Amino acid sequence: MKLRNKRVAPFALACLLCISGCNGTSKDGGDAPEVSIGQVRFALDQKNFGEAAVLSDRLTAANPRNADAWLAAADAKAASGSRLAALAALENAINNGMRDAGRLDTDSYLDTLRSSDEYQALLVRSGLVESIARAGDTSINETSTGTVVRAGDVSVTFPNTK
């Protein structure tokens with residue numbers, strides 16, 4: 001029995017050293033290859049909205065200060081039906097430098113968000129649209145594509161005639 005105990009200790013130590021050397025990362029130190037905005041856009045174009053949302057999470061984790069990454073994430077979240085996550089990603093895009101209201105107005109993935117109070121409030125708060133009038137559940141906002149009149153859940157956009 002004494003001889004067996006002398007063998008167990010070095011074996012246990014060797015096992016612990018081997019296990020501690022395994023940290024689950026790849027040889028380059030990262031958990032997975034870096035994701036590009038192009039990959040997220042490609043997944044969106046292929047209508048792989050769930051994959052686009054997952055890729056956008058990895059993209060924004062790797063590039064937390066990139067407005068374009070956050071906008072791609074907002075598109076992916078909106079396309080996958082995650083309205084609140086899309087609004088949060090859009091707010092991060094704006095907070096990190098997205099100032100092009102025209103680009104937001106023409107982004108087809110954000111169509112489902114445009115009629116929401118949260119979307120309009122975000123744009124007004126960030127200074128991307130000018131609130132012309134607001135009373136109760138009604139508002140009139142000037143955007144780059146035209147004037148948006150909202151009353152309750154009805155929204156009408158009048159194109160610019162300039």
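To keep things clear, this report deals only with the structure shown in the data block. (Residues numbered from 1 in each chain as written. Predicted model: local features only at pLDDT ≥ 70, side-chain atom pairs only at ≥ 80, totals over all residues. Heavy atoms only, no water.)

1. Section: unusual backbone geometry
Here is step 1 of the chain: Backbone geometry places K47, a non-glycine residue, at a positive phi of 65 degrees.
Here is step 2 of the chain: Summarising the element assignment, K47 is placed in the loop between helix 2 (37-45) and helix 3 (49-62).
Here is step 3 of the chain: Given the relative accessible area of 60%, K47 is considered exposed. (Helix = DSSP H or I, 4+ residues; strand = E, 2+ residues; numbered from the N terminus. Buried < 20%, exposed > 50% of the residue type's maximum accessible area, 1.4 Å probe, protein only.)

2. Description of the pairing of strand 3 (residues 146-151)
In the case of a regular strand, side chains alternate between the two sheet surfaces.
Here is step 1 of the chain: Two elements, strand 2 (residues 138-142) and strand 3, share five bridges in a ladder whose sense is antiparallel. Its bridge partner being in strand 3, T138 is matched across the sheet by A151.
Here is step 2 of the chain: Linking strand 2 to strand 3, which pair antiparallel, is a turn of three residues.
Here is step 3 of the chain: Bridging between strand 3 and strand 4 (residues 154-159) involves six bridges; their strand directions are antiparallel. Of the residues in strand 4, the one forming a bridge with A151 is V154.
Here is step 4 of the chain: Hairpin connection, strand 3 to strand 4: the antiparallel pair is bridged by two residues, and G152 has positive phi, about 65 degrees. (Pairing = 2+ DSSP bridges.)

3. With respect to the packing of helix 2 against helix 4 (residues 67-79)
Here is step 1 of the chain: Running from N to C, helix 2 and helix 4 cross one another at 20 degrees; their axes reach a closest spacing of 10 Å. Compared by their axis directions, helix 2 and helix 4 come out roughly parallel. You can see that helix 2 and helix 4 cross each other, and the crossing is left-handed. When helix 2 is examined against helix 4, the residues I37, V40, R41 and L44 are found in contact with a partner set consisting of D68, A69, L71, A72, D75, A76 and A79.
Here is step 2 of the chain: For the contact of helix 2 with helix 4, the residue count by class is eight nonpolar, no polar and three charged. (Axes fitted to C-alpha atoms, helices over the stretch in contact; angles between N-to-C directions. Parallel < 35°, antiparallel > 145°, perpendicular 65-115°, else oblique. Left-handed = near helix turned anticlockwise from the far one by under 90°. Contact = heavy atoms within 4.5 Å. Nonpolar A, V, L, I, M, F, W, Y, C, P; charged D, E, K, R; others polar.)

4. A few points about helix 3
Here is step 1 of the chain: The end-to-end C-alpha distance of helix 3, which contains 14 residues, comes to 20 Å, matching closely the 20 Å that a straight helix rising 1.5 Å per residue would cover.
Here is step 2 of the chain: Among all positions in helix 3, only A52, A53, L55, S56, L59 and T60 are buried.
Here is step 3 of the chain: Contact partners of the buried residues in helix 3: helix 2 and helix 4. (Expected span 1.5 Å × (residues − 1).)

5. Description of a nonpolar patch on the surface
Here is step 1 of the chain: On the surface, V154, V156 and F158 cluster together into a nonpolar patch covering about 260 Å² of accessible area.
Here is step 2 of the chain: As for its position among the elements, V156 is in strand 4. (Patch = residues over 30% accessible without salt bridge, like charges linked within 9 Å, V, L, I, M, F, W, Y side chains within 5 Å. Areas by Shrake-Rupley, 256 points an atom, 1.4 Å probe, with all protein chains shown as cover. Salt bridge = Lys/Arg side-chain N within 4 Å of Asp/Glu carboxyl O.)

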